[in-house]
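Chains, contacts and geometry: an overview
These are the residues of each chain, in order.
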Amino acid sequence: MKIFKRFLVATCSVALLAGLALSGCGDNKTDETAAETTAAAEETTAAEETTAAEETTAAGAETDAEAETDAETSSANADVATLLPDGVLKMGLDDSLPPMGFRDEKNEIVGFDVDVAREVAKHLDIELELVPIDWSMKQQELDAENVDCLWNGYSWTEERAEACALTKPYMENMQVLVTMADSNIQSLDDMAGKKLSLQEGSTAELALDDAAEFKDSLDEVVPFKENVTAFKDIEAGQTDGLLIDSIMADYYIAQQDNPDNYLIVGDPLAVEDYVIAFRKDDTELRDLIEATLVEMKEDGSLGAIATEWFGKDITTVGN
Amino acid sequence: MDWNSFVTLLPAFLQGTWMTIRLFLITLLFSLPLGMIITKGRMSKMKWLSGLVAVFQWVIRGTPLMLQLVIVMYFPSIALGIKGVNRFTAAGIAFIINYAAYFSEIYRSGIESIPAGQLEAAKVLGLSKGRTFRRIILPQTVKRILPAMGNEFMTLVKDTALAQVIGNIELLKVAQSQMNRTTSMVPLLIAGVFYMIMNGAVQLIIAAWENRLDYYKG
Amino acid sequence: MSKTMITVKNIEKRFGDLEVLKGISFEVNQGDVYAIIGPSGSGKSTLLRCLNQLEMADGGDVTICDKVLLSTDADGNVHYCDVPTCRQIQLDVGLVFQNFNLFPHLSILENIIEAPIHVLEEDRKSAVANAEALLEKLGLPDKRDAYPYQLSGGQQQRVSIARALALNPKILCFDEPTSALDPELTGEVLKVIHDLAQENMTMIIVTHEMRFAEEVADRVIFMDQGIIIEEGTPYEIFNQTINERTMRFLQKIQNQE
């Protein structure tokens, strides 16, 4: 199957190669193209650039002040210089996963993961570049080196651990069943013969596969591209329950005029860990970020961010 | 979503719209002439060339545009080690190649629908091949294919939404992000209105063009 | 003896296995009006199209206005003249089509002046003046700025004759010029051809109009199945023929009328 896939991709690509060569993406022009790309990438993410720039200035000023007093930081900086020669950490994220990473009312990217990443960048005296990607393309974006890490409510799975270098968990997440309060579905068992919606490509799918008994009891599983449309579907009564990250369910329900209309049913179907993914061979960078998170947990800055978003420190770094 | 938040979001929507419009214009700018080159190859008397072009058309028209976007974006870096492919450039290349393949077949059907007598009349009058194409065949072809091209242009406006698959923040992506924040479908409806306005303009331009060519029949 | 304009010797044409012309020979002198008659599929249109280079002949020799269009050597290989000569011959021989083939997107005037300006490189002013004179002569003085679809079939055919004449051809060919016309419109086109004959224009006319052929032609060729069955004066063909096939054909046509 894998071989066939590769063959298919190769075949389809042959025709496109000619076009690529024409457009100046050929080997001999790689340097030029790369330079152009950096400039253009900044342009396309103009909205974030402003934020990032402000951030850098602030970070720069602070680091100057701290540089002489904090020996640990300067030793870390030496590592950073070799691991990230440009001094930029490119963070790949889905900008539509509140509250971990999403667009605010000014269309700027905010969220818990974004704030934590900014704090990490501040600690390491590097610049953070937010790269919003299509979440279903995350592995390709990482492999193509368009981003340095995937960091956006990214759950640990065996397959992912195989493909990437993952940090230790920094937060716990649960796959929960959400129903409409008036639907009389009080437990997972009540879903027997009913329709379940979920976000395609999310870990909800994996959790469901692992809970074979529950899955078999369902009438139908309806995948949606986004959680919001999946929510609309249970509101419309098309499907009876939604399997979703508890953190996202909490956010969605809190946004509604009548939060009481929704019910998070009984026990979670699965408990997962949020981690950060790096390229398989980028373990040194992974270790550095991991160490910085531990540092932040100790100096209280991580807890402060968590409290800001969730009301208490629910992070699990160092546990 | 109330009026005030709409006003705050307007710049973001306009930014996404601008990306959509740029992609639309760049695609047309290059795929319209490229399509003609492909048509020439397809209609060539050299069998190997015409066959090769037919295979190319089959590959491009026979596979999803989304797949082509992904290949253009990630194939060079993952398979060939060419890093830093620009997202917008990649989207442009995929769209140009895809639309040129469709345009080329519309061109061909248009050219082949011109009665052979037109070519014969031009030949008997001694007109050169170039002059015959520019003055006799092309203008009549344009009139015949305009409705089909109008369809393609309007589809292109909407197809630009696919560019988000390789990380381009176009109009629909802006709307989807806002939908996830506000947990409301209104941003999608707003995007719908933006698409309607753009396609309204496309429709008006095509109608005006058709009107201009309405001075003759046949 | 007037000058020979066209010499055709043993011209052959095949479409795949189908032999359409099986060795046709004739000569046209200056000022002659030739009418070619015969049943459908007899090869008369193909003959005309070979003379106008719309089809490539597979054998024979053709000389037009002292220029050799094609010749066939002893081994049966056909040699066409070089491109400039071909082009020159093309301009010497005009062709009027059954379906007019006017350019629908160009006005009547633009249809007529296109070739004079872009092929003969006449200046626009004289080309327009010439075109207006032709329209006047063919009875269409007020149609200059009209488009083909606004004209009747008979008027369109007269415009296409004007378009051919604008290049000052030495020979004018007609490929069933009235076959696409309603019966009441054929008269106006035949009158134009008749007038051209009066002016001593050399013409070859493929036609189904027997009475017209009889009246206007100097010579009549009867073709069937790719060969010339009979050639002669209209009187000889229409009144004195003893050839069975010619008689049968004429009989059939008469019955139809």
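Since we're looking at a predicted model, the values are computed, not measured. (Residues numbered from 1 in each chain as written. Chains lettered and ligands numbered in written order. Predicted model: local features only at pLDDT ≥ 70, side-chain atom pairs only at ≥ 80, totals over all residues.)

This next bit is on the overall build of chain A. If you tally the helices and strands in chain A, you get 13 helices and 12 strands. Relative to its 319 residues, chain A shows a buried fraction of 39%. Long-range pairs, those at least 24 residues apart, make up 75% of the contacts in chain A between residues at least 6 apart in sequence. (Helix = DSSP H or I, 4+ residues; strand = E, 2+ residues; numbered from the N terminus. Buried ≥ 20, exposed ≤ 12 C-beta atoms within 10 Å, placed from the backbone. Contact = placed C-beta atoms within 7 Å.)

What follows concerns the overall build of chain B. Scanning chain B for helices and strands turns up eight helices and zero strands. Dimensions along the principal axes, computed over C-alpha positions, put chain B at roughly 70 × 50 × 20 Å. Once local pairs closer than 6 in sequence are excluded, the contacts in chain B between residues at least 24 apart make up 75%.

This brings us to the interface of chain C and chain B. Interfaces are often sized by the amount of accessible area the parts lose when they come together. In this assembly, 19 residues from chain C lie in contact with 18 residues from chain B. Listing elements by their share of the side of chain C that touches chain B, those giving two or more residues are α2 (83-92) and α3 (108-118) of chain C. Here the residues of the side of chain C that touches chain B sort into 11 nonpolar, six polar and two charged. (Nonpolar A, V, L, I, M, F, W, Y, C, P; charged D, E, K, R; others polar.)

Helices that pack against each other are described as a pair by the angle of their axes relative to one another and the distance between those axes. Residues and elements named next belong to chain B. Relative orientation of the contacting elements helix α1 (residues 3-42) and helix α7 (residues 171-182) amounts to 150 degrees, with a least axis distance of 7 Å. Considering the angle they form, α1 stands roughly antiparallel to α7. Residues L9, A12, F13, G16, T17 and T20 of α1 touch α7, and the partners they reach there are L171, K173, V174 and Q178. For the contact of α1 with α7, the per-class residue count stands at five nonpolar, four polar and one charged. (Axes fitted to C-alpha atoms, helices over the stretch in contact; angles between N-to-C directions. Parallel < 35°, antiparallel > 145°, perpendicular 65-115°, else oblique.)

In this section: the sheet that holds strand β2 (residues 18-29) of chain C. Residues and elements named next belong to chain C. The five strands are arranged β2-β1-β4-β5-β6 in an open sheet whose pairing can be described as antiparallel. Lying at the two open borders of the sheet, with one neighbouring strand each, are β2 and β6 (78-80). Mean inter-strand twist for the sheet, computed between neighbouring axes without regard to direction, equals 15 degrees. With five bridges connecting them, strand β1 (residues 4-15) and strand β4 (residues 59-64) associate as antiparallel partners. Paired with I6 across the strands is I64, a residue of β4. On top of the sheet, helix α1 (residues 44-51) reaches β1, β2 and β4; it is set at about 65 degrees to β2, its chief contact. (Pairing = 2+ DSSP bridges.)

Let us now look at the environment of K191(C). Residue and element names in this part refer to chain C. Position of K191 among the secondary structure elements: in helix α6 (residues 183-198). Using a count of 15 C-beta atoms within 10 Å as the deciding quantity, one classes K191 as partly exposed. Between the C-alpha atoms of K191 and K9, which are 182 residues apart in sequence, the distance is 32 Å.

A few words on the packing of helix α5 (residues 112-124) of chain A against helix α13 (residues 301-310) of chain A. All names here are of chain A. Where α5 contacts α13, the two axes come as close as 10 Å, and the packing angle between them is 160 degrees. Of the possible angle classes, the one that applies to α5 and α13 is roughly antiparallel. Where α5 crosses over α13, the two elements pack in a sense that is right-handed. In this structure, α5 contributes F112, D115, V116 and E119 to the contact, and α13 contributes S301, L302, I305 and W309. Taken together, the residues that form the contact of α5 with α13 break down as five nonpolar, one polar and two charged. (Left-handed = near helix turned anticlockwise from the far one by under 90°.)

Among the nonpolar cores identified, the biggest contains 119 residues, and M91(A), I244(A), A277(A), L69(B), A91(B) and I166(B) are the most heavily contacted of them. Take this core: its biggest share by element is 14 residues, from helix α4 (residues 87-113) of chain B. Viewed by domain, this core spans two of them, domain 1 (39-171 + 274-310) and domain 2 (173-273) of chain A, each represented by three or more residues. Beyond its immediate stretch of four places on either side in the chain, I244(A) contacts V176(A), V178(A), L198(A), A204(A), N227(A) and A249(A). Grouped together as the second largest cluster of nonpolar side chains are 76 residues, Y34(C), L70(C), A115(C) and I193(C) included. (Core = buried A, V, L, I, M, F, W, Y, C linked by C-beta atoms within 7 Å. Domains from an automatic or database assignment.)

A word on helix α8 (residues 203-210) of chain A. Quick reminder: α-helices carry 3.6 residues per turn. Residues three or four places apart thus point the same way. All buried positions along α8(A) are accounted for by T203(A), A204(A), A207(A) and L208(A). Along α8(A), the residues classed as buried sweep out an arc of 150 degrees about the axis, all on the same side. (Arc of directions from axis to C-beta.)

Residue and element names in this part refer to chain C. Strands sit in the order β7-β8-β9-β3-β10-β11 across an open sheet of six strands; the sheet is mixed. Two strands lie at the open edges of the sheet, namely β7 (93-96) and β11 (227-232), each paired on one side alone. Strand-to-strand twist across the sheet, computed as the mean angle between neighbouring axes with direction ignored, equals 20 degrees.

Our focus in this paragraph is unusual backbone geometry. Outside of glycine, negative phi angles account for most residues, and trans bonds account for most peptide bonds. A cis amide bond links P98(A) with the next residue in sequence, P99(A), at an omega value of 5 degrees. Looking at the element boundaries, P99(A) is found in the loop between β2 (96-97) and β3 (101-103). Positive phi, normally seen in glycine, also occurs at E176(C), with a value near 45 degrees. Counting through the fold element by element, E176(C) comes out in the loop between β8 (171-175) and α6. Accessibility expressed as a C-beta count within 10 Å gives 21 for E176(C), which makes it buried.

Examined against the element boundaries, L28(B) turns out to sit in helix α1. L28(B) sits 125 residues away from F153(B) along the chain, and the two C-alpha atoms are 8.3 Å apart.

Nothing here speaks to function; it is all geometry.
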